Amino acid sequence: MNPIMILFIVLAVSAILSALGLVMSRSAIYAALFLVLNFACVAIFYLILGAPFIALTQITVYAGAIMVLFLFVIMLLGVEKLPGSKAIPWQRPLAIGLSAVLLVEAGVLLFQRLQNSVNLAQPDAQVNTMESIRSLALMLFNQYLLPFEITSILLLVAMIGAIVLTKQEKGAAG
Amino acid sequence: MEGTIPLNYFIAVSAILFTMGALGVLIRRNALIVFMSIELMLNAANLAFVAFARSYDVLTGQIFVFFVMTVAAAEVAVGLALIVAIFRSKHSIDVDQMSSLKG
């Protein structure tokens, strides 16, 4: 077994366990921290797959910005521990059953369609240099320039939307 | 072969993470954790994108992941604002409590 395979297995196990921790944890803060761990594991997967720019974006945007926003809202609202409301009794078994069906379905498709799976060779040193970021940027700013510009409008709309939604009405103290 | 991992393994991890996210959306009643589970599902899809991009040796998959991240950021900003607004009016973010429209 080669070292990269051992790394892959360790990362896969920690990614899946942290996802399980997110789903099972009682406290919202712990769930958020499990999600950060999961994002970090996936970022290292991106490095293994020779996508260093995406890996760093993952860390800065997801683990940095988005999770800080989550933690900020959790602490702002003070909902670290919510009283467990009475759940509908058949809901949990049904959800677990449906998820099992989804997983089995994905597994069957995976092993039927990808029987002759390709081996992903380790990216050579070339991939992990500025060259890969350069080619990504060339593609983004030539072929995908219009979607990139539309993205800026999307972010502007999201920003205005967030401000409008959380703005307190004057006089109506909430 | 030295230093290789089958594509299947990455897709399997992605499928498991996606299922975990779906399970989280279905069984948790805390709106914030439901939101985090959606992030987990987006992340699983991104992993599959990058794995396939590597397998076919094209960059388009990575470009798409870039856009998915942007959309996720916008979605989280608006979604958390909605959660704050709902918490202000109902003093709860339990999704079972949001039943004002129930007849």
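Residues numbered from 1 in each chain as written. Chains lettered and ligands numbered in written order. Predicted model: local features only at pLDDT ≥ 70, side-chain atom pairs only at ≥ 80, totals over all residues. Heavy atoms only, no water.

### Looking at the overall build of chain A
Spelled out, the test is: Counting from the N terminus, the helices are DSSP H or I runs at least four residues long and the strands are E runs at least two residues long. To sort residues, take the accessible area from a 1.4 Å probe on protein chains only and compare it with the maximum for the residue type: under 20% means buried, over 50% means exposed, and anything in between is partly exposed. The contact criterion used is simple: two residues touch if any of their non-hydrogen atoms lie within 4.5 Å. We get accessible surface area from the Shrake-Rupley algorithm with a probe of 1.4 Å; when it comes to residues, only the shown protein chains can shield them.
Regarding its fold elements, chain A presents 6 helices and 1 strand. Along chain A, helices and strands appear, N-terminal first, in the series α-α-α-α-β-α-α. Residue burial in chain A is summarised as follows: out of 174 residues, 34% are buried. Counted over contacts in chain A with a minimum sequence separation of 6, partners at least 24 positions apart contribute 60%. Looking at chain A as shown, the accessible area adds up to about 10600 Å², and 74% of this sits on carbon and sulfur atoms.

### Looking at the overall build of chain B
The criterion, for reference: Radius of gyration here is computed from C-alpha atoms only, and the compact-globule reference equals 2.2 Å multiplied by the residue count raised to the power 0.38. Charge counting treats Lys and Arg as positive and Asp and Glu as negative, with His and both chain ends excluded. One atom stands in for each charge, and that atom is NZ of Lys, CZ of Arg, CG of Asp or CD of Glu.
Per the secondary structure count, chain B includes 3 helices and 1 strand. When the helices and strands of chain B are read in sequence order from the N terminus, they spell out β-α-α-α. Taken over the C-alpha trace, chain B has a radius of gyration of 18 Å; the compact-globule value for 103 residues is 13 Å, which it surpasses by more than 25%. For chain B, the C-alpha atoms occupy an extent of roughly 60 × 25 × 25 Å along the three principal directions. Positive and negative charge centroids in chain B, built from 6 and 6 side chains respectively, lie 14 Å apart.

### Topic: the environment of Lys 167 of chain A
Position of Lys 167 of chain A relative to the elements: it lies in the segment after α6 (145-166). For the pair Lys 167 of chain A and Gly 21 of chain A, spaced 146 residues apart in the sequence, the C-alpha separation amounts to 34 Å.

### What about the confidence of the model for chain B?
Residue and element names in this part refer to chain B. The criterion, for reference: Residue-level confidence of the predictor is summarised by pLDDT, bounded by 0 at the bottom and 100 at the top.
Per-chain confidence: chain B averages 88 in pLDDT, with 97% of residues scoring 70 or above. Least confident of the elements in chain B is strand β1 (residues 4-6), whose mean pLDDT is 82; most confident is helix α2 (residues 31-56), at 92. Interface predicted TM-score (ipTM) for the complex: 0.90; the corresponding pTM is 0.88.

### A few points about the nonpolar core
Note the following rule: Buried Ala, Val, Leu, Ile, Met, Phe, Trp, Tyr and Cys residues that are joined via side-chain atoms within 4.5 Å together make up what is termed a nonpolar core.
The biggest cluster of nonpolar side chains holds 62 residues, and the ones touching the most others in it are Phe 45 and Phe 70 of chain A together with Phe 10 and Leu 32 of chain B. When contributions to this core are tallied by element, the ones reaching two or more residues are α1 (3-24), α2 (28-48) and α3 (52-77) of chain A together with α1 (7-27), α2 and α3 (60-90) of chain B. In this structure Leu 32 of chain B touches Phe 70, Val 73, Ile 74 and Val 79 of chain A together with Leu 80, Ile 83 and Ile 93 of chain B, once residues within four positions along its chain are discounted. Leu 136 and Met 139 of chain A together with Ile 63 and Phe 67 of chain B belong to the second largest nonpolar core, which has 6 residues in total.

### Details of the confidence of the model for chain A
Per-residue confidence for chain A averages 85 on the pLDDT scale, and 86% of its residues sit at or above 70. Of all helices and strands in chain A, the one with the weakest mean pLDDT is strand β1 (residues 119-121) of chain A (71), whereas α6 of chain A scores best (93).

### Observations regarding the interface of chain B and chain A
Where interface size is given, it is often the accessible area lost as the parts come together that is meant. Convention followed: Take the accessible area each of two parts loses on contact, using a 1.4 Å probe, and add the two losses: that sum is the buried area. By the criterion applied in these results, polar contacts are pairs of N or O atoms within 3.5 Å in which, for protein atoms, one can donate a hydrogen and the other can accept it, and in which residues neighboring in sequence qualify only through two side-chain atoms. Amino acids outside the nonpolar list (Ala, Val, Leu, Ile, Met, Phe, Trp, Tyr, Cys, Pro) and the charged list (Asp, Glu, Lys, Arg) are all regarded as polar, and Gly is one of them.
Across the boundary between the two partners, chain B contributes 70 residues, which contact 77 residues of chain A. Summed over both partners, the interface of chain B with chain A buries about 7100 Å², with 76% contributed by carbon and sulfur atoms. In this structure, the connection of chain B to chain A is made through 5 residue pairs in polar contact (both at pLDDT 80 or more). Sorting the residues of the side of chain B that touches chain A by element identifies β1, α1, α2 and α3 of chain B as the ones contributing at least two each. At 23 residues, the largest contribution of residues to the side of chain B that touches chain A is made by α3 of chain B. Of the residues contributing to the side of chain B that touches chain A, the split by class is 48 nonpolar, 14 polar and 8 charged.

### Regarding the packing of aromatic side chains
Operational definition: Working definition: rings of Phe, Tyr and Trp (its six-membered ring) pair if their centres are within 6.5 Å, and the pair is stacked with planes under 30 degrees apart, edge-to-face with planes over 60 apart, and tilted otherwise.
In this structure the tally under the stated criterion is 10 aromatic pairs over all chains. Their ring planes at 40° and their centres at 4.6 Å tell us that Phe 39 of chain A and Tyr 62 of chain A sit as a pair that is tilted. In this pair, Phe 39 of chain A is assigned in helix α2 and Tyr 62 of chain A in helix α3, connecting sequence segments 23 residues apart. Taken as a pair, Phe 39 of chain A and Tyr 62 of chain A share a single burial class, namely buried. Connected via pairs of aromatic rings, a cluster forms that spans Phe 8 and Phe 45 of chain A together with Tyr 9 and Phe 10 of chain B.

### Comments concerning unusual backbone geometry
Residue and element names in this part refer to chain B. A positive phi angle, near 60°, is found at Asp 57, a position not held by glycine. Positive phi values are uncommon outside glycine, yet His 91 reaches one of about 55°. Position of His 91 relative to the elements: it lies in the segment after α3. His 91 gets classed as exposed once you look at its relative accessible area, which sits at 62%.

### Brief notes about the environment of Leu 42 of chain B
Residue and element names in this part refer to chain B. Looking at the element boundaries, Leu 42 is found in helix α2. A residue is classified by how much of its surface remains accessible, and Leu 42, at 24% relative accessible area, is partly exposed. Spatially, the C-alpha atom of Leu 42 lies 13 Å from that of Ala 74, the residues being 32 residues apart in sequence.

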